[in-house]
Amino acid sequence: MEPPTAEAVLQGVFTLYNDPNNAEKEKASKWLEEFQKSIHSWKIADELLRHKHDLNSCTFAAQTMRNKIQNSFHELPESAHESLRQSLLEHLSHITIETKSVIVTQLSLALADLALLMSSWQKPVATLLQRFSSNPNMMYALIELLTLIPEEVNSRHLRLGANRRKEILLDLEADSTLVGEYLTLCLMNGNENELLRAKILKCFTSWVQINAFKLPEISDNMIIVYCFQLLSSGATSPDLHESATDCLCSLLTCMELNNSRGGLDDKLFGGIMCLEEAYNMSVAQEDLDKSMNLCRLFTVLVESNLTRMVALSDDETPHCSVKSLDLVLNCVGHYDYEVAEITFNMWYRLSEDLYHRNNYHLTAHFQPYVERLIAALYKHSQLDPDHDGLVEEGGSFKDFRFKVSEIIKDVIFIVSSISCFKQMFVVLQSSNVSWESSEAALFIMQNVARNILPEIMELGEREIPTSRFNQLCEESEVVPKVVEAILNLPENCHIAIRYTSISILGELCDWIDSNPETLQPVLNFLLFALQQKNGLATAAANSLQSICSTCKKHMLGHISGLMEIARCLDSFDIQTESAIGLLKGISIIIGRLPAGQLTPAMQELCSFQVEALSRLTNGDMEGLDGKKCRSDPAFWLDRLASIYRHVNPTVGNNEVNPCSFVIINNWNVLSRALERYKNDSKIMERIVRCIRYAIRCIGKQAMPILEPLVKQIITIYSGHNHTCLLYLGSILVDEFAYEEGCTQGLLNMLQAFIEPTFGVLQMENGLKNHPDMVDDFFRLATRFIQRAPLQFLQSPLVTPIIQCGLLACTLDHREANISVMRFFCSLLRHDRVNDLEPMVQSILASHGEALIMNLLYASVFCLHSNMLSDVAEVFVEIKQHSPLQLEEYVKKAVDSLPKKNSGGSVTVTHEQMVQFVSNIVKSQTPRATTQTLQDFARLYR
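Each value, and the rule that gives it
Residues numbered from 1 in each chain as written. Predicted model: local features only at pLDDT ≥ 70, side-chain atom pairs only at ≥ 80, totals over all residues. Heavy atoms only, no water. Helix = DSSP H or I, 4+ residues; strand = E, 2+ residues; numbered from the N terminus. Buried < 20%, exposed > 50% of the residue type's maximum accessible area, 1.4 Å probe, protein only. Contact = heavy atoms within 4.5 Å. Areas by Shrake-Rupley, 256 points an atom, 1.4 Å probe, with all protein chains shown as cover. Lys, Arg positive; Asp, Glu negative; His and termini not counted. Charge placed at Lys NZ, Arg CZ, Asp CG, Glu CD. Salt bridge = Lys/Arg side-chain N within 4 Å of Asp/Glu carboxyl O. Patch = residues over 30% accessible without salt bridge, like charges linked within 9 Å, V, L, I, M, F, W, Y side chains within 5 Å. Axes fitted to C-alpha atoms, helices over the stretch in contact; angles between N-to-C directions. Parallel < 35°, antiparallel > 145°, perpendicular 65-115°, else oblique. Left-handed = near helix turned anticlockwise from the far one by under 90°. Nonpolar A, V, L, I, M, F, W, Y, C, P; charged D, E, K, R; others polar. Disulfide = S-S within 2.5 Å. Phe/Tyr/Trp six-rings, centres within 6.5 Å; stacked < 30°, edge-to-face > 60°. Lys NZ or Arg CZ within 6 Å of the ring centre and 35° of its normal. Expected span 1.5 Å × (residues − 1). Arc of directions from axis to C-beta. Core = buried A, V, L, I, M, F, W, Y, C linked by side-chain atoms within 4.5 Å. Bend = angle between axes of the 7 residues up to and from the residue. Polar contact = N/O pair within 3.5 Å; in protein donor to acceptor, adjacent residues only side chain to side chain.

Caption draft 1: Layout of the overall build of the protein chain. On a plain count of helices and strands, the protein chain comes out with 50 helices and 0 strands. By its C-alpha atoms, the protein chain is 95 × 80 × 65 Å across when sized along the principal axes. Residues classed as buried in the protein chain amount to 54% of the 941 residues present. Here the analysis covers contacts within the protein chain between residues at least 6 apart in sequence; of these, 74% occur between residues at least 24 apart. Carbon together with sulfur atoms contributes 49% to the accessible area of the protein chain, which is approximately 41,900 Å² in total. For the protein chain, the distance from the average position of its 81 positive side-chain charges to the average position of its 112 negative side-chain charges is 4 Å.

Caption draft 2: The arrangement of the pattern of salt bridges in detail. Applying the stated criterion across every chain, the model contains 39 salt bridges. Between arginine 779 and aspartate 776 there is a salt bridge, with its nearest N and O atoms 2.9 Å apart. Within this pair, arginine 779 and its partner aspartate 776 are both found in helix α42 (residues 771-787), separated by 3 residues, close to a single helical turn. Judged by relative accessible area, arginine 779 falls into the partly exposed class, the value being 25%. A relative accessible area of 9% places aspartate 776 in the buried class. For glutamate 888, the salt bridge is made with lysine 892, and the minimal N-O distance between the two is 3.5 Å. Note that glutamate 888 and lysine 892 are positioned in helix α48 (residues 883-895) at a spacing of 4 residues, about one turn of the helix. For glutamate 888, a relative accessible area of 41% gives the class partly exposed.

Caption draft 3: Main features of unusual backbone geometry. Despite not being glycine, lysine 52 shows a phi value in the positive range, around 50 degrees. With relative accessibility at 46%, the residue lysine 52 sits in the partly exposed group. With phi around 65 degrees, asparagine 654 is a residue other than glycine that occupies positive phi space. Here asparagine 654 shows up in the loop between α34 (633-646) and α35 (660-665).

Caption draft 4: Main features of a negative patch on the surface. A cluster of acidic residues, Glu194, Asp239, Glu242 and Asp289, forms a negative patch at the surface. Within the secondary structure, glutamate 194 sits in helix α10 (residues 194-209).

Caption draft 5: Expanded view of the packing of helix α38 (residues 703-720) against helix α39 (residues 723-736). Relative to each other, α38 and α39 sit at 155 degrees, their axes nearing to 11 Å. The angle between the axes of α38 and α39 places the two elements in the roughly antiparallel class. Note on packing geometry: the crossing formed by α38 with α39 is left-handed. Each of Met703, Leu706, Leu709, Val710, Ile713, Ile716 and Tyr717 in α38 lies in contact with α39, whose residues at this interface are Leu725, Leu726, Leu728, Leu732 and Phe736. Its residues assigned to classes, the contact of α38 with α39 shows 12 nonpolar, no polar and no charged.

Caption draft 6: View of the state of the cysteines. Taken as a whole, this structure holds 0 disulfides when the rule is applied. Between cysteine 568, a cysteine without a disulfide, and cysteine 548, which holds the nearest cysteine sulfur, the sulfur-to-sulfur distance is 15 Å. No disulfide involves cysteine 809; its sulfur sits 9.9 Å from the nearest other cysteine sulfur, which is in cysteine 804. Cysteine 809 sits in the buried class, given a relative accessible area of 0%.

Caption draft 7: Focus on the environment of valine 651. Its location among the elements puts valine 651 in the loop between α34 and α35. Given a relative accessible area of 28%, valine 651 falls into the partly exposed group. Once residues within four sequence positions are removed from consideration, valine 651 is found in contact with Val656, Asn657 and Pro658.

Caption draft 8: Spotlight on the environment of histidine 830. By the secondary structure assignment, histidine 830 is in the loop between α45 (814-829) and α46 (837-861). The class for histidine 830 is buried, based on a relative accessible area of 14%. In this structure, the C-alpha to C-alpha distance between histidine 830 and methionine 273, residues 557 residues apart in sequence, is 63 Å. In this structure histidine 830 touches Ile785, Pro789, Leu836, Glu837 and Val840, once residues within four positions along its chain are discounted.

Caption draft 9: A look at the packing of aromatic side chains. Tallied over the entire structure, the rule returns 20 aromatic pairs. Here phenylalanine 635 and tryptophan 636 contribute two aromatic rings whose centre-to-centre distance is 4.8 Å and whose plane-to-plane angle is 80 degrees, an arrangement assigned as edge-to-face. Note on accessibility: phenylalanine 635 and tryptophan 636 belong to one class, buried. Among the aromatic residues, those joined into a ring-pair cluster are Phe758, Phe777, Phe778, Phe823 and Phe824. The lysine or arginine in question, arginine 85, covers the ring of tryptophan 121, its NZ or CZ lying 4.8 Å from the ring centre. Over the ring of phenylalanine 443 we find arginine 401, and its NZ or CZ is 4.0 Å from the ring centre.

Caption draft 10: Main features of helix α49 (residues 910-922). Its 13 residues give α49 an end-to-end C-alpha distance of 18 Å, which sits within 8% of 18 Å, the value for a rise of 1.5 Å per residue. Residues of α49 that are buried include every one of Met913, Phe916, Val917, Ile920 and Val921, and no others. Take α49 and look down its axis: the buried residues cluster within an arc of 125 degrees, on one side only. Set apart from the buried face of α49 by more than 90 degrees, the exposed residues are Glu911 and Lys922. For α49, the secondary structure elements touched by its buried residues are α46, α47 (868-881), α48 and α50 (926-938).

Caption draft 11: Expanded view of the nonpolar core. Residues Trp347, Ile590 and Ile801 are the most contacted members of the largest nonpolar core, which totals 332 residues. Contact partners of isoleucine 590, with chain neighbours within four places excluded, come to Ile559, Met563, Leu598, Ala601, Met602, Leu605 and Val647.

Caption draft 12: Main features of the packing of α45 against α46. Their axes nearest at 11 Å, the elements α45 and α46 cross at an angle of 150 degrees. By the angle between their axes, α45 is roughly antiparallel relative to α46. In this structure, the crossing between α45 and α46 has a hand that is left-handed. Contact residues: Met821, Phe824, Leu827 and Leu828 in α45; Val840, Ile843, Leu844, Leu851 and Leu855 in α46. Looking at the contact of α45 with α46 residue by residue, the classes come out as 9 nonpolar, no polar and no charged.

Caption draft 13: Geometry of helix α9 (residues 162-189). End to end, α9 covers 38 Å across 28 residues, agreeing with the expected 40 Å (1.5 Å per residue, within 8%). Considering bend angle alone, the principal kink of α9 is centred on aspartate 175 and spans about 45 degrees. Of the residues flanking the end of α9, it is asparagine 191, one or two places downstream, whose phi is positive at about 50 degrees.

Caption draft 14: The side chain of threonine 64, seen in detail. Among the secondary structure elements, threonine 64 is positioned in helix α4 (residues 55-71). Classification of threonine 64 by relative accessible area gives buried; the value is 0%. Of the polar contacts made by the side chain of threonine 64, one reaches the backbone oxygen of phenylalanine 60; its length is 2.8 Å. In contact with threonine 64, not counting residues within four places along its chain, are Gln36, Ser41 and Ala45.

Caption draft 15: Up close: the environment of histidine 847. You can see histidine 847 is positioned in helix α46. Sequence-wise, histidine 847 and glutamine 803 are 44 residues apart; in three dimensions their C-alpha atoms are separated by 8.3 Å. Dropping the residues within four chain positions of it, histidine 847 is found in contact with Thr799, Ile802, Gln803 and Leu806.

Next comes the structure, spelled out in structure tokens:
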């Protein structure tokens, strides 16, 4: 763009904020956005801040300066850093009490980021304190600066690098005493200004979070004492209360990370234990925010002590810190379930630790606490007494009950599912029990029901006291009583009770399988529910699916009833997903039928879906009911896919698959669907999914449809680029590439796919904008390497595919990157196959250096650290080929990387580069290589 003037920028800002014409606003916004990207914005933003034309222009200028330092600091030569620093300090020195907070924040953020980036600025914190601490007008701005500097240390925008970050953290640790003294002085001299006090606490917290303070030295710090005073008082403002909570939580977390025990630890533990009365006061005053703050603090207290709470408890006596669980359980009992929800992650962490230790006596210490937790969750899970229907879908209470389900499943082993089941059954048997209490008890039972049979089976194997063994055996006898009570529910019971009862039967599928005499009455009960409205039919369908999936042997005798259900499926009031699930269950049973019965049963089950699809592909809507979903081909395709996926008969070698007749017979309808819906990517994905399961079902016996299918998908892909067709191609290669006479045809398919694929990926940002295409294309190429390596490596297609893969190494998309890495790994693994070794060595000689160069660049600058494990696999494969070659490639790749960052500080030293190369070559496992890559990448982040 042309070099803009300050006047033009002022006009743009004025238009953006004041012009009533939205089109002009949009135009001004885009112009200003481009201006901020230009190198001229440094000078003009500085000019606007000096002139202070108006609030909007100053705000825009401050934001621009912050944005430039964060994202474009490399544009400035090192010689310009000092003048930028002086300019920002000058702007900051003109801040007054009247300066708008947004300008203060943006300028402070700009200066904080500059202090971190600018390696030549020694001791920035000390400099700022020396220059501004004596000016009372600068108190807010200085505290803001001191807050932001530690907060920005780990900013992903700045990419400080591990060396510079370590240098900064050491400086901040050295300056922490000065900061602590200044904040204490501000607190003493700040009168009763709550905003200032909240900022002081936030600033102190930010320094705690980066571990800058030496914890023993701040055990008597006035700010910590003040936090306890604030939390103990019922008159504390919401902002101060939250800031004090954040501060103490950060201290606890810091102590846990440092495993620091001693004076401060004891003071924090004792002080927080004394806050129970403050919590009770917040409940009495119905101050939900304060209750949630204190619950969060109590939860973090437990989390920070979890390791020693469990590890230091012996068989006879729990560790003294276990009493902090009483605080948390008091919060779980709060009248608002949002408070209880805060504690859920802590219970999960406790359950994980206990589960892995697998010590009955240790677990027994925590049993009473978990029993109280479940009792409280049972109360929270109750619906309102005047609630008419089921739990509202998509509502916050439905979401809460889902989380309750998850946490109960996590902790239930501590008290045993059998005991919990018995405890809730006692509730059901109580006199005058309300319907909502009954439903909540059933809901808890539903979440533990699936564990009951495994627990009964394990009783004889677990090392538990005899009295406990006898108790659990006795309690397990309650299950048939519960089933009997469900099967005999009165007709006038609340619909929510009936819904949850139906769901319990599905969760008891393993128990029903072991007690087959209950199967018939359960099926009768579910069949009746299947014919009901208002959600009951959906619950029944889900339970039937579970029972079919588990009780396969016993359900064979009920196949005629299941087929009748399938015939009437569309007359039931069930959700689409549940109908598909029910078809899954029926298909599983069909798959166990003898071949003579399987084919006609499958044919009939498919016919309901295929006939509807046939009418749709022919444009004939007659015979379909008026529901909108029935005219959507995806409705029928998903059902058909479920059948193809789950009818899975056992077929011996050289035996005809009884499904093949049905699938080949139905092919014409799917072929017409491909042609009719080739313009609709979503429906194409459903068709391809259906074909995928059909091919997987019968494997090589799908040969009659292979050639027409390949021709059709090549034609469609050339005009529409549906990536799902690439995926389907990989399925075909997987199934048929071994077959004589098929390989060349499949290679021709790959060649036909390449031109349109590369045409899309070679466009500007093509790889970034089409990660699904990258994913599916390289999955297809990998299948060729795995199934027909010789033919693939001999073809002229391999070189352009490798070149595309080299470009795709930097693609920051999890699935796409995995596919690219697997392609290279599969390629390199074949160097250990005699016939292929010379070809793979030739490929490595031609592309190995570029591959390592791109992979290292991607690891450092492009990919998330959790993606580097896949990159490491490629390094390991090259090492298997030749460690010396890998060492040579890595040395060249490291040498090509920048050695300094935009602030002038050393990103990577010579010693670190040498050590990295050595570690990569010496790494014996992908895990070790991953760690080496992650450590090296941190030097640049």
